[in-house]
Amino acid sequence: MDEQRGTTRADEVVTAVLTASRLLVAMSARSLASVEDTLTLPQFRMLVVLDVRGALSLTRLAEHLAVNPSTAMRMADRLTAIGAVARRGNHADRREVRLELTEAGRATVTEVTARRRAEIASVVAAIPEDQRTDLVRALRTFAVAGGEPPAVPPEQVW
């Protein structure tokens, strides 16, 4: 922290985010492994995108995942084979196939998210309460800057 100007250097922020991301990735991996040992984190991310955004064309899904359409297709093939994703025709454009979560895919997202939420809650409980407001503000700002829609609190899941 530059005490004279009250600003934090960008590399300090990057280092802090990288450190926190290691913890978050570890939590994600543990929560996923405890529910579904055959899914990779990128495959789970596809399920989450479909859960949050609804049915998408392969091209739009690839854009949201920041991968090539061929990569998204391989992931979708794997998730379709295990019953987590379904392919549906688009009534407005018969050439387009849309990918959507199945009930099994939605159940996986729900369970993994609940386990991750519980683990994150235990870490948050160790943070002094007077520091939590700043943490929430910083994390929301970071998510918005990265284009990530907010997670839905469990009381709003229907």
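The structure this text deals with has already been given above.
Residues numbered from 1 in each chain as written. Predicted model: local features only at pLDDT ≥ 70, side-chain atom pairs only at ≥ 80, totals over all residues. Heavy atoms only, no water.

Engineer: Hey, could you run me through the overall build of the protein chain in this one?
Structural biologist: Per the secondary structure count, the protein chain includes 6 helices and 3 strands. Within the protein chain, counting contacts between residues at least 6 apart in sequence, those at least 24 apart form 52% of the total. When the accessible surface of the protein chain is totalled, it reaches about 10,900 Å², and 57% of it is carbon and sulfur. (Helix = DSSP H or I, 4+ residues; strand = E, 2+ residues; numbered from the N terminus. Contact = heavy atoms within 4.5 Å. Areas by Shrake-Rupley, 256 points an atom, 1.4 Å probe, with all protein chains shown as cover.)

Engineer: Looking at this structure, how should I read the sheet that holds strand S3 (residues 97-101)?
Structural biologist: The strands that make up a sheet pair up through hydrogen bonds in the backbone, lying either parallel or antiparallel. The 3 strands are arranged S1-S3-S2 in an open sheet whose pairing can be described as antiparallel. Of all strands in the sheet, those bounded by a partner on one side alone are strand S1 (56-57) and strand S2 (85-89). In terms of strand pairing, S1 meets S3 through 2 bridges, oriented antiparallel. Looking across to S3, one finds that Leu56 is bridged to Leu99. (Pairing = 2+ DSSP bridges.)

Engineer: Mind showing me how you'd approach the pattern of salt bridges here?
Structural biologist: In the structure shown here, the tally under the stated rule is 10 salt bridges. Taking the shortest distance from any N to any O, the salt bridge between Glu119 and Arg30 comes out at 2.2 Å. Here Arg30 lies in helix H1 (residues 10-35) and Glu119 lies in helix H5 (residues 103-125), a separation of 89 residues in the sequence. Accessibility expressed as a relative area gives 42% for Arg30, which makes it partly exposed. Where Arg115 meets Glu111, a salt bridge forms, and the shortest distance between an N and an O atom there is 3.4 Å. Separated by 4 residues within a single helix, Arg115 and Glu111 lie in helix H5, roughly one turn from each other. Using a relative accessible area of 40% as the deciding quantity, one classes Arg115 as partly exposed. Given the relative accessible area of 37%, Glu111 is considered partly exposed. (Salt bridge = Lys/Arg side-chain N within 4 Å of Asp/Glu carboxyl O. Buried < 20%, exposed > 50% of the residue type's maximum accessible area, 1.4 Å probe, protein only.)

Engineer: Is there a simple way to think about H5 in this case?
Structural biologist: In an α-helix, one turn spans 3.6 residues; hence positions three or four apart end up facing the same way. Compared with the 33 Å implied by 1.5 Å per residue over 23 residues, the 32 Å span of H5 between its first and last C-alpha is a close match. Considering only its buried residues, H5 is in contact with H1, helix H2 (41-53) and S3. (Expected span 1.5 Å × (residues − 1).)

Engineer: Could you clarify how one ought to interpret the nonpolar core in this entry?
Structural biologist: Residues Phe44, Met46, Leu47, Leu50, Leu61, Leu79 and Leu99 are the most contacted members of the largest nonpolar core, which totals 23 residues. Elements supplying a minimum of two residues to this core: H2, helix H3 (58-65), helix H4 (69-81), S3 and H5. With 6 residues, H2 is the single largest residue contributor to this core. Discounting chain neighbours no more than four positions away, the residues touching Phe44 are Leu32, Thr108, Val109, Val112, Thr113 and Arg116. (Core = buried A, V, L, I, M, F, W, Y, C linked by side-chain atoms within 4.5 Å.)

Engineer: Can you help me understand unusual backbone geometry in this one?
Structural biologist: Trans peptide bonds make up the majority, and among non-glycine residues the majority have a negative phi. A positive phi angle, near 60°, is found at Ala66, a position not held by glycine. Relative to the elements of secondary structure, Ala66 occurs in the loop between H3 and H4.

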